[in-house]
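# Close look at the chain arrangement
Chain residues, written in single-letter form:
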Amino acid sequence: MKSNRPQNSGKQSRPASMLGVGLDNTDGEARITRGKNFTLLGGSEETHSFMQETAVKVNEKLERKGQTLDETSPEEFREILFDVVDKIRR
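The structure reproduced in this document is the subject of the present report. This structure is a prediction, so every number in the text was calculated from the model and none was measured. (Residues numbered from 1 in each chain as written. Predicted model: local features only at pLDDT ≥ 70, side-chain atom pairs only at ≥ 80, totals over all residues. Heavy atoms only, no water.)

A count of helices and strands for the protein chain gives two helices and three strands. The order of helices and strands in the protein chain, counted from the N terminus, is β-β-β-α-α. Here the protein chain holds 90 residues, and 32% of them are scored as buried. In the protein chain, the proportion of contacts linking residues at least 24 apart, taken out of those at least 6 apart, comes to 36%. (Helix = DSSP H or I, 4+ residues; strand = E, 2+ residues; numbered from the N terminus. Buried < 20%, exposed > 50% of the residue type's maximum accessible area, 1.4 Å probe, protein only. Contact = heavy atoms within 4.5 Å.)

Below you can see the structure in the form of structure tokens.
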């Protein structure tokens, strides 16, 4: 599948990555999780756990579709993300 990202005229592009930032930490813990194409920073234990589950499930859904994050348009990523979050919250 062809990437929907614009071509950089000779510049080397970085692979797509998800970044999650939690701002509700009150216990002083520094939570950082890195995984396949994602980095998660901060948040309460509950928020950080939610971000972890979301990132993993987005990657699983992309794998089932035979796609990488780089090959996913912003619109399709948004649909996948909202679908995953909706299923987690049920």
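This part takes up the sheet that holds strand 2 (residues 32-35). Hydrogen bonds between backbone groups are what pair the strands of a sheet, and the pairing can be parallel or antiparallel. Taken together, three strands build an open sheet; the order of strands is 1-3-2 and the sheet is mixed. Of all the strands in the sheet, the pair left with one neighbour each is strand 1 (18-22) and strand 2. For this sheet the average axis-to-axis angle between neighbouring strands, irrespective of direction, equals 5°. Direction of pairing for strand 1 relative to strand 3 (residues 38-42): parallel, over a ladder of five bridges. Within strand 3, the position partnered with M18 by the bridge is F38. Along the sheet, helix 1 (residues 45-65) makes contact with strand 1, strand 2 and strand 3, crossing strand 3 at roughly 170°. (Pairing = 2+ DSSP bridges. Axes fitted to C-alpha atoms, helices over the stretch in contact; angles between N-to-C directions.)

The subject of this paragraph is helix 2 (residues 74-89). Between its first and last C-alpha, helix 2 extends 22 Å over 16 residues, near the 22 Å set by a 1.5 Å rise per residue. Buried residues of helix 2: E76, I80, V84, V85 and I88, and no others. Projected onto a plane normal to the axis of helix 2, the buried residues spread over an arc of 165° and lie on a single side. Structural note: helix 2 exposes P74, E79, F82 and R89 on the side pointing more than 90 degrees away from its buried face. Where helix 2 is buried, its residues touch helix 1. (Expected span 1.5 Å × (residues − 1). Arc of directions from axis to C-beta.)

What follows is about the nonpolar core. Core analysis: the largest hydrophobic core is formed by twelve residues, namely A16, M18, F38, L40, M51, A55, V58, L62, L69, I80, V84 and I88. Listing elements by their share of this core, those giving two or more residues are strand 3, helix 1 and helix 2. If one sorts the elements of this core by residue count, helix 1 sits on top with four residues. Once residues within four sequence positions are removed from consideration, F38 is found in contact with S17, M18, T33, A55, V56 and N59. (Core = buried A, V, L, I, M, F, W, Y, C linked by side-chain atoms within 4.5 Å.)

What follows concerns the packing of helix 1 against helix 2. Between two packed helices, the angle of one axis relative to the other and the distance separating the axes together describe the packing. At a minimum axis separation of 9 Å, helix 1 and helix 2 run at an interaxial angle of 125°. Taken together, the axes of helix 1 and helix 2 lie oblique to each other. Of the two possible hands of crossing, helix 1 and helix 2 adopt the one that is right-handed. In this structure, helix 1 contributes F50, E53, T54, K57, V58, K61, L62 and K65 to the contact, and helix 2 contributes E76, F77, I80, L81, D83, V84, V85, K87, I88 and R89. Taken together, the residues that form the contact of helix 1 with helix 2 break down as nine nonpolar, one polar and eight charged. (Parallel < 35°, antiparallel > 145°, perpendicular 65-115°, else oblique. Left-handed = near helix turned anticlockwise from the far one by under 90°. Nonpolar A, V, L, I, M, F, W, Y, C, P; charged D, E, K, R; others polar.)

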